[in-house]
Amino acid sequence: MEIPPVKLSVFDIGKADAGLLQSKQLYQYILETNVYPNEAEVLKELREITASQPLCLMLSAAVEGPIMSLLLKLVNAKKTIEIGVYTGYSLLVTALALPKDGKVIAIDPDRSMFEIGLPFFKKAGVEHKVEFIESIALPVLDKLLEDLSYIRQLFCKADAFKCHLVFEEQYLHNADRCLKS
Ligand SMILES: C[S@@+](CC[C@H](N)C(=O)[O-])C[C@H]1O[C@@H](n2cnc3c(N)ncnc32)[C@H](O)[C@@H]1O
């Protein structure tokens, strides 16, 4: 049987080799038959607008969305922390999965990228669930550790962990604070 050519977008193709599947064709099949058809329209729009950004490879993979959403619902999460927001794809996945009174504290030292995603949060009607803090994560995590009411039953998505090269030093410290919480 002839294997069809791979037609993945620039940021999805970058993630296709690294996963368990080890097959771009299989990865594309899963995206086209399952992930993209079930992706909320507003997430799709944010993903597409992020593709025009120079650092679009930082965007969370679309396949992560349904898994995160399922996890958040399974643990009945209400309070979460997002470390490393970029344009906010996984943050929007989270905000959509949380109940009406849910809350995400979103931390990133670069607010300009979050601004790109902000209109999509407003469009989705979940802007009120997001508190953006323009900072590196450590000082904010330290402050949150003092506020036990927030950190109890916390769901943490830490994408800044992916920025090993630039933020190697903070990687372990962030992990340590998250484990403490
Ligand atoms: C891989 S991107 C995040 C992707 C994002 N979660 C998404 O779904 O598209 C990593 C982000 O971490 C941010 N970042 C880097 N170091 C950080 C730190 N020490 N604390 C918080 N955010 C950091 C970067 O500015 C960048 O926006």
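- Looking at an unreviewed UniProt entry, one finds the protein named Caffeoyl-CoA O-methyltransferase and attributed to Papaver nudicaule.
- According to the UniProt record, the Sequence similarities (unreviewed entry) comment for the protein reads "Belongs to the class I-like SAM-binding methyltransferase superfamily. Cation-dependent O-methyltransferase family."

### Here we look at the pairing of strand β3 (residues 130-134)
Step number 1: Two strands pair when backbone bridges link them, and strand β2 (residues 103-108) and β3 are joined in this way by 5 bridges, in the parallel orientation. Its bridge partner lying in β3, I105 is registered against E131.

### Overview of the packing of helix α5 (residues 89-97) against helix α6 (residues 111-124)
Step number 1: Where α5 contacts α6, the axes come no closer than 10 Å and their chain directions differ by 20 degrees. Relative to α6, α5 is oriented roughly parallel. Regarding α5 and α6, the two cross each other, and that crossing is right-handed. Between α5, through L91, L92 and L96, and α6, the contact on the second element is made entirely by F114, F120, F121 and A124.
Step number 2: Residues that form the contact of α5 with α6 fall into these classes: 7 nonpolar, no polar and no charged.

### Considering the packing of aromatic side chains
Step number 1: Scanning all chains against the criterion turns up 2 aromatic pairs.
Step number 2: Their ring planes at 10 degrees and their centres at 4.4 Å tell us that F114 and F132 sit as a pair that is stacked. With F114 in helix α6 and F132 in strand β3, the pair connects residues that are 18 residues apart, well separated along the chain.
Step number 3: For F114, a relative accessible area of 3% gives the class buried.
Step number 4: Through a chain of ring-to-ring contacts, three or more aromatic side chains come together here, namely F114, F121 and F132.

The rules behind these values
The residue numbering used here restarts from 1 in each chain and proceeds along that chain's sequence as written. pLDDT decides what is reported in this predicted model: residues at 70 or higher carry local features, side-chain atom pairs at 80 or more are listed and counted, and totals for whole chains, interfaces and linings draw on all residues regardless. The side-chain quantities take in all heavy atoms of the structure and omit both hydrogens and water. UniProt positions are given in the numbering used here, feature names are shortened, and annotations may be inferred rather than shown by experiment. Two strands make a pair as long as DSSP finds a minimum of two bridges between them. Strands are runs of DSSP state E lasting at least 2 residues, helices are runs of H or I lasting at least 4, and numbering of each runs from the N terminus. Axes here refer to lines fitted to C-alpha atoms; in helices the fit is confined to the stretch in contact. Angles between the N-to-C directions go from 0 to 180 degrees. Should an angle fall under 35 degrees it is called roughly parallel, over 145 degrees roughly antiparallel, and 65 to 115 degrees roughly perpendicular, with every other angle called oblique. Each crossing gets its hand from how the near helix is turned against the far one by less than a right angle, where anticlockwise is left-handed and clockwise is right-handed. We call two residues contacting when some pair of their heavy atoms lies within 4.5 Å. Any residue that is not Ala, Val, Leu, Ile, Met, Phe, Trp, Tyr, Cys, Pro, Asp, Glu, Lys or Arg is counted as polar, Gly included; the first ten are nonpolar and the last four charged. Pairs were defined over the aromatic rings of Phe, Tyr and Trp, the Trp ring being its six-membered one, requiring ring centres within 6.5 Å. Orientation was assigned from the angle between planes: stacked under 30 degrees, edge-to-face over 60, tilted for the rest. Relative accessibility decides the category of a residue: with a 1.4 Å probe and only protein chains considered, values under 20% of the type maximum give buried, values over 50% give exposed, and everything between is partly exposed.

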